[in-house]
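Residues per chain, in single letters:
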Amino acid sequence: MGQEQTSQWFAVKAAPGSQKPQREYKAEQTRSKKGYRIVPSLNPHVSAIELALTKAGFDCYMPAEKRLVRDRRHTDLWKPRRFALLVGYIFVHAPRDWRALKATPGVSGVVSDGQGRPLPVSWDDILMLRATEAQSEAEFERRAKLARQKLRQKSKSDARLKELIARLDMAGMLTVPLEEMLAAG
């Protein structure tokens, strides 16, 4: 039984910028003459290349980790964002049509050997990446929980911060200051 039969995952080279969150556009009603406006937003849970591969019918996996990024509206707060663990690469499971894969937006090539044959990635390597991703997620959640607790404690003496936290909590977007995040670790 050769490696081609035991591994059905293949590494794909991602085009620059394709691993960032997919920008989406939504119509928002307004009281203006036109009655609406187009509002761009980011879907933080899926990258542009993941969305393109999924729409093209491919099963893909992009190992990712969460990091804190400064909130643009409230500069003293930070939001969790998703980033690729392996910048420039994404994995595709058992692609049936290599031409369609290469033509998918965001794909700049397939990792291959010297003769141009796609190189399979071992299942052990995929499992190792998933384990690393899970460890990173668990550590992020632990630190974020401690930071939220400290932030709530701090907000007891700051009315403005308390009101802001209540609004963000209700929207499910509670963010934490970086200083609190670092102090929690």
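Up top you'll find the structure we're talking about.
Within each chain, residues carry numbers counting from 1 in the order of the written sequence. Selection of residues for local features in this predicted model requires a pLDDT of at least 70, selection of side-chain atom pairs for listing and counting requires 80 or more, and totals for whole chains, interfaces and linings are taken over all residues. Only hydrogens and water are removed before side-chain values are computed, so all heavy atoms of the structure are retained for them.

### Section: a nonpolar patch on the surface
Heads up, the rule is: Patches here: salt-bridge-free residues with over 30% relative accessible area, like charges joined within 9 Å, nonpolar side chains (Val, Leu, Ile, Met, Phe, Trp, Tyr) joined within 5 Å. Method for areas: the Shrake-Rupley scheme with a 1.4 Å probe, in which residue coverage is limited to the protein chains shown. The salt bridge criterion pairs a side-chain nitrogen of Lys or Arg with a carboxyl oxygen of Asp or Glu, the two atoms within 4 Å. Whether a residue is buried, partly exposed or exposed follows from its accessible area with a 1.4 Å probe, protein chains only, as a fraction of its type maximum: under 20%, in between, or over 50%, in that order.
Nonpolar side chains collect at one region of the surface, where Tyr-25, Tyr-36 and Ile-38 lie side by side and expose about 350 Å² of accessible area between them. Taking the relative accessible area as the measure of exposure, Tyr-36 reaches 38% and is therefore partly exposed.

### A few points about the pattern of salt bridges
Using the following cut-off: We count a stretch as a helix when DSSP gives it H or I for four or more residues in a row; a strand needs E for two or more, and each element gets its number in order from the N terminus.
Scanning all chains against the criterion turns up seven salt bridges. Linking Arg-82 and Glu-50 is a salt bridge whose minimum nitrogen-to-oxygen distance equals 2.9 Å. Here Glu-50 lies in helix α2 (residues 48-55) and Arg-82 lies in strand β6 (residues 78-84), a separation of 32 residues in the sequence. Its relative accessible area of 23% is what places Arg-82 among the partly exposed residues. Here Lys-66 makes a salt bridge to Glu-137, at a shortest N to O gap of 3.4 Å. Here Glu-137 lies in helix α4 (residues 123-155) and Lys-66 lies in strand β5 (residues 64-70), a separation of 71 residues in the sequence. Of the residues examined, Glu-137 reaches a relative accessible area of 31% and is grouped as partly exposed.

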